[in-house]
Amino acid sequence: QVQLVESGGGLVQAGGSLRLSCAASGSIFSINAMRWYRQAPGNQRELVAIISNSGSTNYADSVTGRFTISRDNAKNTVYLQMNSLKPEDTAVYYCKGFIEPMGGSVRSYWGQGTQVTVSS
């Protein structure tokens, strides 16, 4: 059983920073690309950032220059450093991993989400 668990969300003032973590656990053979998404109330879930297994990254235009995605392969963990936060960044943040479990095929897994609230 593979699980993704996010942490690090909370309440922060505009201009502040937060660092989200997403840890993968269970019977894992390999972890490929990892992604962060977010979903604000009444909105569709949107892609925020991607990191490949080689470390290449891509970002949504709305967060480019403010957010940084990184990964620690030894810890099976991906991070999202969020700086210069704005009220419009308020959302539930989810990580998604493309993971090959032991004895299985690559498939996607979602975490349970972590709330980020930015006050003005």
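Data block above holds the structure.
Residues numbered from 1 in each chain as written. Predicted model: local features only at pLDDT ≥ 70, side-chain atom pairs only at ≥ 80, totals over all residues. Heavy atoms only, no water.

Caption draft 1: Highlighting the sheet that holds strand E1 (residues 3-7). Taking strand neighbours across the sheet as the criterion, the four strands line up as E1-E3-E8-E7 in an open arrangement whose pairing is antiparallel. Edge positions in the sheet fall to E1 and strand E7 (67-72), since each of these pairs with one other strand and no more. For this sheet, the mean angle separating the axes of adjacent strands, direction not counted, is 15°. (Pairing = 2+ DSSP bridges. Helix = DSSP H or I, 4+ residues; strand = E, 2+ residues; numbered from the N terminus. Axes fitted to C-alpha atoms, helices over the stretch in contact; angles between N-to-C directions.)

Caption draft 2: Fine view of the packing of aromatic side chains. Counting across every chain of the model gives two aromatic pairs. Summarising the aromatic geometry, the rings of Tyr-37 and Trp-110 are spaced 4.9 Å apart at their centres and angled 55° between planes, so their arrangement reads as tilted. Separated by 73 residues along the polypeptide, Tyr-37 in strand E4 (residues 28-39) and Trp-110 in strand E10 (residues 107-110) bring together distant segments of the chain. Tyr-37 gets classed as buried once you look at its relative accessible area, which sits at 11%. Ring centres 6.4 Å apart and planes at 85° place the aromatic pair Tyr-94 and Trp-110 in the edge-to-face group. With Tyr-94 in strand E9 (residues 91-101) and Trp-110 in strand E10, the pair connects residues that are 16 residues apart, well separated along the chain. On the basis of relative accessible area, Trp-110 is assigned to the partly exposed category, the value being 36%. (Phe/Tyr/Trp six-rings, centres within 6.5 Å; stacked < 30°, edge-to-face > 60°. Buried < 20%, exposed > 50% of the residue type's maximum accessible area, 1.4 Å probe, protein only.)

Caption draft 3: Seen up close, the side chain of Lys-96. Within the element layout of this structure, Lys-96 appears in strand E9. When residues no more than four places from it in sequence are discounted, the contact partners of Lys-96 are Leu-4, Ala-33, Met-34, Arg-35, Tyr-37, Ser-108, Tyr-109 and Trp-110. (Contact = heavy atoms within 4.5 Å.)

Caption draft 4: Representation of the side chain of Arg-66 in the model. By the secondary structure assignment, Arg-66 is in the loop between strand E6 (57-59) and E7. Within the structure, Arg-66 has its side chain in polar contact with the backbone oxygen of Ser-62 (distance 2.9 Å). Discounting chain neighbours no more than four positions away, the residues touching Arg-66 are Gln-81, Met-82, Asn-83, Ser-84, Leu-85, Lys-86 and Asp-89. (Polar contact = N/O pair within 3.5 Å; in protein donor to acceptor, adjacent residues only side chain to side chain.)

Caption draft 5: Representation of the state of the cysteines within the structure. For the structure on display, the rule yields one disulfide. Disulfide pairing places Cys-22 opposite Cys-95 at an S-S distance of 1.9 Å. Taking the torsion about the sulfur-sulfur bond, which here is approximately 50°, the covalent link between Cys-22 and Cys-95 counts as right-handed. Of the two residues, Cys-22 sits in strand E3 (residues 18-25) while Cys-95 sits in strand E9, which places them 73 residues apart along the sequence. Using a relative accessible area of 0% as the deciding quantity, one classes Cys-95 as buried. (Disulfide = S-S within 2.5 Å.)

Caption draft 6: Seen up close, the pattern of salt bridges. Applying the stated criterion to the full structure yields three salt bridges. The partner of Arg-38 in a salt bridge is Glu-46, and the shortest N-O contact between them spans 2.6 Å. Accessibility expressed as a relative area gives 6% for Arg-38, which makes it buried. The exposure class of Glu-46 is partly exposed, given its relative accessible area of 34%. Notably, a salt bridge pairs Asp-89 with Arg-66, separated by 2.7 Å at the nearest N-O pair. A residue pair is termed long-range when its members are at least 10 positions apart, and Asp-89 in the loop between strand E8 (77-82) and E9 and Arg-66 in the loop between E6 and E7 qualify at 23 residues. The class for Asp-89 is buried, based on a relative accessible area of 1%. Beyond isolated ion pairs, a larger network of salt bridges with shared partners links Arg-38, Glu-46, Arg-66 and Asp-89. (Salt bridge = Lys/Arg side-chain N within 4 Å of Asp/Glu carboxyl O.)

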